[in-house]
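Structural overview for review
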Amino acid sequence: MIEVKIYKDIPIPGRWRQFNRQFRQHKGAMLGLFFLLIILIASVFAPIIAPYDPAEQFPEFLRKPPAWTDDGNREFIFGTDDLGRDVFSRIIYGSQLSLGLSAVVVFIAAIFGILLGAIAGLSRGFIEFSILRLMDIILAVPSLLLAIVIIAIIGPGLPNAIYAVAIVLIPHFVRIVRASIKEEMNKDYVVAARLDGANKARLFTHSILPNILPPLIVQVSLAFSTAIIDIAALGFLGLGAQPPNPEWGTILSQSRDYIQLAPWTVTIPGVAILITVLSINLVGDGLRDALDPKDGS
Amino acid sequence: MKLLHIENLSVEFPTHKGPVTVLDKVSLRMERGEVLGIVGESGSGKSMLALAIMGLLAPNASLKADYLSLNNQDLMKLTEEQRKLFVAQNASIIFQEPQTSMNPCFTIGRQLMETIELHGIRRPKKQKQRARELLDAVGINEPELRLKQYPHQLSGGMNQRVMIAMAIAAEPKLLIADEPTTALDVTIQSQIIELLLELNRSREMGLMLITHDFALMSESTQRVCVMYSGQIMENAPTESILENPRHPYSRALLDSIPHIGERHHMGQRLYSLKGTIPAIDHLPVGCRLGPRCPKAAKECVKPPRLEKIDQHGLVRCHFPLEKENQSEGSSQ
Amino acid sequence: MIKILLKQLTILILSFTGITIIFFSLAQLVPGDPVILHYGNLTPGTEQYENAYQELGLDESLVRQYLIFIKDVLQGDLGRSTVTNHSVLEEFFTFFPATIELSLFAILIALVFGVGAGVLAAVNKNTWIDNLVISSSLIGYSMPIFWWGMLLILLFSLNLGLTPVAGRISFVFDIEPVTGFMLIDTLLAYPKYEFAAFYDALLHLILPSVVLATVPLAVIARMTRSAMIEVLSADYILTAKAKGVSNFKIIWVHALRNALIPLVTVLGLQSSVLLTGAILTETIFAWPGVGKWMVEAIFRRDYPSIQGGVLLIAVFVILINATVDLLYAAINPRMRRPE
Ligand SMILES: Nc1ncnc2c1ncn2[C@@H]1O[C@H](COP(=O)(O)OP(=O)(O)O)[C@@H](O)[C@H]1O
Ligand SMILES: [Mg+2]
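Position labels on residues start from 1 in each chain and follow its written sequence. Labels are handed out in written order, letters beginning with A for the chains and numbers beginning with 1 for the ligands. Totals for whole chains, interfaces and linings use all residues, but because this is a predicted model, local features are given only for residues with pLDDT of at least 70 and pairs of side-chain atoms are given and counted only at 80 or more. Side-chain calculation: all heavy atoms of the structure are included, whereas hydrogens and water are not.

Some remarks on the overall build of chain A
By the criteria applied, helices consist of DSSP H or I runs no shorter than four residues and strands consist of E runs no shorter than two, each listed in order from the N terminus. When its secondary structure is counted, chain A shows 11 helices and 0 strands. Counting from the amino terminus, helix and strand elements in chain A follow one another as α-α-α-α-α-α-α-α-α-α-α. In terms of its C-alpha atoms, chain A occupies a principal-axis envelope of roughly 75 × 45 × 30 Å. Within chain A, the fraction of its 297 residues that count as buried is 54%. Residues are treated as being in contact if the distance between any of their heavy atoms lies within 4.5 Å. Considering only residue pairs separated by 6 or more positions, chain A has 70% of its internal contacts joining residues 24 or more positions apart. To measure how exposed things are, a 1.4 Å probe is used in the Shrake-Rupley method; for residues, cover is taken only from the protein chains shown. When the accessible surface of chain A is totalled, it reaches about 13500 Å², and 64% of it is carbon and sulfur. Once the 24 positive and 24 negative side-chain charges of chain A are each reduced to a mean point, those two points are 11 Å apart. Burial classes follow relative accessibility: with a 1.4 Å probe on protein chains only, a residue under 20% of its type's maximum area counts as buried, one over 50% as exposed, and anything between as partly exposed. Positive charges are assigned to Lys and Arg, negative charges to Asp and Glu, while His and the chain termini are left out of the count. We put the charge of a Lys on NZ, of an Arg on CZ, of an Asp on CG and of a Glu on CD.

Pasting the structure below:
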């Protein structure tokens, strides 16, 4: 119902330099990028940064509060959970899962989305129509519910959760790619290429893809934050990653029962999710403003 | 009895490169019922002047003036609220784009009646009656139908008529028309100007006609102010300016219209300006026209003042053109 | 208007056909004996089993089976829950009002505060108010609401003891479900408890609806802000100012009326977001709505309930979107034919 309308200009040379400058001026985006880099480093170097193994239990330190409280222990910065596992180490290892899994999800969704969108955009009639209807239907089912249903059919577990979330994210890519293609196809330089006898596939990779890249990049950032939240939500509902996996949502569902006894085991993983998603959204906002200056505020 | 009296009105906008002056010490007067023309290329500050008079400048703009009075009331002495009220009752404005000047979500009737209500008519029945009268006064037929329609359902010319109806609802003493015909078809343009002049005569309503089109001025105005880059360059009776523009810029503007003035029979332009109007944050030193002026000389790096020329008016130029300039024209 | 209506109707029918086809195909993918999946534990070979087998048309072609499925769906027969053996349709509609009540309240909160914050930010562009609204809406937009819910429970329910932890009403009140909407039912039970039950229900409703409202509120605030900024720079705002219309009326009538048009589209998209959120919120707050019911159905592998529930929710979302499109046409005079 809503056509995402991003980017209408015919590109001018030096766009990427202009983009770079615009993006750097966006304070929020730079802050988000900074946090995102930290999280990325944390996840890549998790074995070095995390003091303990995420599954290692210290039976003599059950539910130790974080280090900055009176009862805290310097050995466990963020305290320990009900099984005596170091919360900090679990969060660090959890970032591997959150970033890694959502990267996989977005990758799958983008590949299929672009493919379907390209088919829909370059074709007419029945094929285009049925792809679009299918996407509308996927969009009509609330995303998490759809993921849940897919999991209900293929069974709970991490890999299935990944497929489910990826499928849910596909329609947005399809819509953007199709809409951009339809718009680009009518522009002079594409018409010229067509008159030159370029075939459709070549037209797509050489003339169209570079020009629909900006909205795609923005969509990737949006999909990324949705993926992180949805994977965590599935973990929280017990339908995604299964304990003792240190996935953030799974940690939250485990610590739910101890919310009063050990509130830090609830607050800290949540803050981790929030900061990650917030950073991605900040970067996404910056990207959108920098790629489409007209929409900037 | 002055209708409008402005002394040294300046308007500044803050930008990240520092403040820019979009109006620089503009002074002008209008008598009751007078028709004053303001001409200048686009970007010369005509709209800013109109908005400044109406108190419609963006909140970040700063306005300074030695004196600014409308209908003998010193506006600078009023509070914000008082000023808003007073101006709304004594002056109206219509804009370039009639289609976007009216709220697309409300019917013509609702917008007209809102204006009427603001001027003291409370009973809806009377408001409607008055709305019909106003539509009639601006030459719109089928008022009953029009009142129920939305702006996008009317043509541009029709919308501009509605805007005029709305503007005269308050029986203002001054109507500012900011390029009222620029967005309209040529055939409609003269009708709208005719209407404005007719209202000016029948209601003793002063008219400030802003345009970048000298031709439009020539037949309708009594005085003309020529603006450039936020300054008044020449201010004189229309006749004198048409016959003998003293400022090279006025001359260039006149020369750019075909069929006005005898010199065009030669088929050549004496004064055409090179380049474009300078960016307001990159003004040349001295005379702002300097780099584009065919008569520019050394002295022009000093800012010229607006000076009186006998039997003509005010001109801002170190080297005003001579009165008898036909000979100059034929010699080239 | 009739054209738009027809268009919506076509979309509706197409979407419905599409959904049922997808669901029918999905049902083929579900592992296990379809008879048992549909009717619970029947022993193969018994008469009952054979009847069920016939009824599902399992001995016939897939197309036939689909037509039988469609016929059943159109007659409101979505099968029976394999756990409770109740009709799925009936069960859905016993839980549905709770979800609707929660969602309506949430969208109300989101609208009032979202539009308010957006307008304030736009009017005070580039001031601290604007920055506050922008940053809080960005945070709200990024919020994992299942965690947010727990956090609010920790603060307001456990630490401050202001709100109840879970459910729709304390069980000291015995409220007969007449409409299924607790706020209305408690009022209907007025003679019994006076307003006590109503307040209790309201108290139960507040925290979950705030949680559910968070993301839509953030989206609405952002959207309202940018729409208002655009509208406020339009010429007709200048016209209104010149006429002497009060600032208040310019902002809340002239400008907002125009800014609402793009907002309606956003609202339609939010219906899906809202129902997704409802699944999580209902789980956290033990709110007996369809979201919680669906999650439980999955854990119990109650396929008829899952299938029927999702089908109904999808139809519901499509209906809302169609309504929103009509609403859009209704509030946007430019959609009207020139006369
Ligand atoms: N908000 C603003 N900030 C800075 N400069 C502005 C602003 N608005 C207008 N200007 C400048 O004011 C000058 C006069 O504009 P305007 O009055 O619209 O010209 P005109 O109506 O004669 O075409 C222009 O050069 C424009 O760039
Ligand atoms: Mg202008």
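Examining helix 5 (residues 124-137) of chain B
Residue and element names in this part refer to chain B. One less than the residue count of a helix, multiplied by 1.5 Å, gives the span that helix is expected to have. For helix 5, spanning 14 residues, the distance from its first C-alpha to its last is 20 Å, which sits close to the expected 20 Å at 1.5 Å a residue. Turning to helix 5, its buried residues are Gln 127, Arg 130, Ala 131, Leu 134 and Leu 135. Looking down the long axis of helix 5, one finds its buried residues gathered within 140 degrees of arc, a one-sided arrangement. Opposite the buried face of helix 5, at more than 90 degrees from it, the exposed residues are Lys 125, Lys 126 and Asp 136. Next to the buried residues of helix 5 lie helix 4 (108-118), helix 6 (143-148) and helix 7 (156-168). Positive phi appears at Gly 139, one or two residues downstream of helix 5, with a value of about 80 degrees. Arc, as used here, means the arc of the directions from the helix axis to the C-beta atoms.

With respect to the pattern of salt bridges
Here, a salt bridge means any side-chain nitrogen of Lys or Arg that lies within 4 Å of a carboxyl oxygen of Asp or Glu. On inspection of all chains with the given rule, the structure shows 22 salt bridges over all chains. The partner of Glu 31 of chain B in a salt bridge is Lys 2 of chain B, and the shortest N-O contact between them spans 3.0 Å. You can see Glu 31 of chain B sitting in strand 2 (residues 18-31) and its partner Lys 2 of chain B sitting in strand 1 (residues 2-15), a full 29 residues away along the chain. According to the relative accessible area criterion, Glu 31 of chain B is partly exposed, its value standing at 35%. Within this structure, Asp 285, Arg 288 and Asp 289 of chain A together with Arg 222 of chain C form a network of salt bridges that share partners.

Some details on the packing of aromatic side chains
Residue and element names in this part refer to chain A. Geometry of aromatic contacts follows a simple scheme: Phe, Tyr and Trp rings, the Trp one being its six-membered ring, pair when their centres are within 6.5 Å, and the pair is stacked under 30 degrees between planes, edge-to-face over 60, tilted otherwise. A full pass over the atoms with the stated rule returns 16 aromatic pairs over all chains. Between Tyr 52 and Phe 58, the aromatic rings sit 4.8 Å apart at their centres with planes inclined by 70 degrees, giving edge-to-face as the arrangement. When its relative accessible area of 16% is taken as the criterion, Tyr 52 is described as buried. Using a relative accessible area of 13% as the deciding quantity, one classes Phe 58 as buried.

A few points about the nonpolar core
Generally speaking, nonpolar side chains in soluble globular proteins are found buried as a group. Side-chain atoms within 4.5 Å link the members of a nonpolar core, which is a set of buried Ala, Val, Leu, Ile, Met, Phe, Trp, Tyr and Cys residues. One finds Ile 148, Ile 181 and Leu 234 of chain A together with Phe 146 and Ile 306 of chain C to be the most contacted residues of the largest nonpolar core, which totals 120 residues. Top element by residues in this core is helix 9 (residues 200-237) of chain A. It accounts for 15 residues. When residues of this core are assigned to domains, at least three fall in each of domain 1 (2-74) and domain 2 (88-336) of chain C. Ignoring anything within four residues of it in the chain, the contact list for Ile 306 of chain C reads Val 149 and Ala 152 of chain A together with Met 294, Ala 297 and Ile 298 of chain C. Segment limits for the domains were obtained from an automatic or database-derived domain assignment.

Structural notes on the domain arrangement of chain B
Residues and elements named next belong to chain B. Looking at the assigned domains, one finds that chain B contains domain 1 (2-221) and domain 2 (247-260 + 271-325). For domain 1 and domain 2, the distance between their C-alpha centroids amounts to 29 Å. Facing 13 residues of domain 1, the contacting portion of domain 2 comprises 11 residues. In total, about 1100 Å² of surface goes out of reach between domain 1 and domain 2, with carbon and sulfur atoms giving 62% of it. Joining two parts hides part of their accessible area as seen by a 1.4 Å probe, and the buried area is that hidden amount summed over both. It is Val 20, Glu 41 and Phe 214 that lose the most area in domain 1 upon contact with domain 2, and together they represent 45% of the buried surface on that side. One can count 0 salt bridges joining domain 1 with domain 2. Residues adjacent in sequence count toward polar contacts only when both atoms are side-chain atoms; beyond that, a polar contact is any pair of N or O atoms within 3.5 Å, and within protein one must be able to donate a hydrogen and the other to accept it. Taken together, domain 1 and domain 2 are joined by 1 residue pair in polar contact (both at pLDDT 80 or more). Contributions of two or more residues to the side of domain 1 that touches domain 2 are made by strand 2 and helix 9 (214-220). Per-element accounting of the side of domain 1 that touches domain 2 gives the leading share, 4 residues, to strand 2.

Section: the site of ligand 1
Residues and elements named next belong to chain B. Near ligand 1, the surroundings consist of Phe 13, Val 20, Val 22, Glu 41, Ser 42, Gly 43, Ser 44, Gly 45, Lys 46, Ser 47, Met 48 and Ile 280. Contacts to ligand 1 include Ser 44, whose backbone N or O atom sits 3.2 Å from an oxygen atom. Protein chains shield 67% of the accessible area of ligand 1, which is 570 Å² for the free molecule. Only strand 2 and helix 1 (46-54) provide two or more residues apiece to the shell around ligand 1. Throughout, the term near means that a residue has one or more heavy atoms lying within 4 Å of the molecule or strand in question.

Topic: empty space enclosed by the protein
Residues and elements named next belong to chain A. Buriedness of a pocket was judged along seven lines, with at least five required to meet protein on both sides within 12 Å; pockets are open sets of points on a 1 Å grid over the protein atoms alone, cavities are sets where a 1.4 Å probe fits but cannot get out, and lining residues have an atom within 4 Å of a point. Grid points are joined across faces, edges and corners, and a volume is the space filled by probe spheres set on the points. All told, the structure shown has 6 cavities of 30 Å³ or more when counted by the stated rule. Reported here for the largest cavity is a volume of approximately 120 Å³. Side-chain classes follow a simple rule in which Ala, Val, Leu, Ile, Met, Phe, Trp, Tyr, Cys and Pro form the nonpolar group, Asp, Glu, Lys and Arg form the charged group, and the remainder, Gly included, forms the polar group. Residues belonging to the lining of the largest cavity are distributed by class as follows: 8 nonpolar, 4 polar and 1 charged. Taken together, Asp 81, Asp 82, Arg 85, Val 87, Arg 90, Ile 251, Gln 254, Ser 255 and Thr 265 make up the full set of residues lining the second largest cavity. When residues of the lining of the second largest cavity are traced back to their parent elements, those giving at least two are helix 4 (87-122) and helix 10 (248-255). With 3 residues, the top contributor of residues to the lining of the second largest cavity is helix 10. Here the residues of the lining of the second largest cavity sort into 2 nonpolar, 3 polar and 4 charged.

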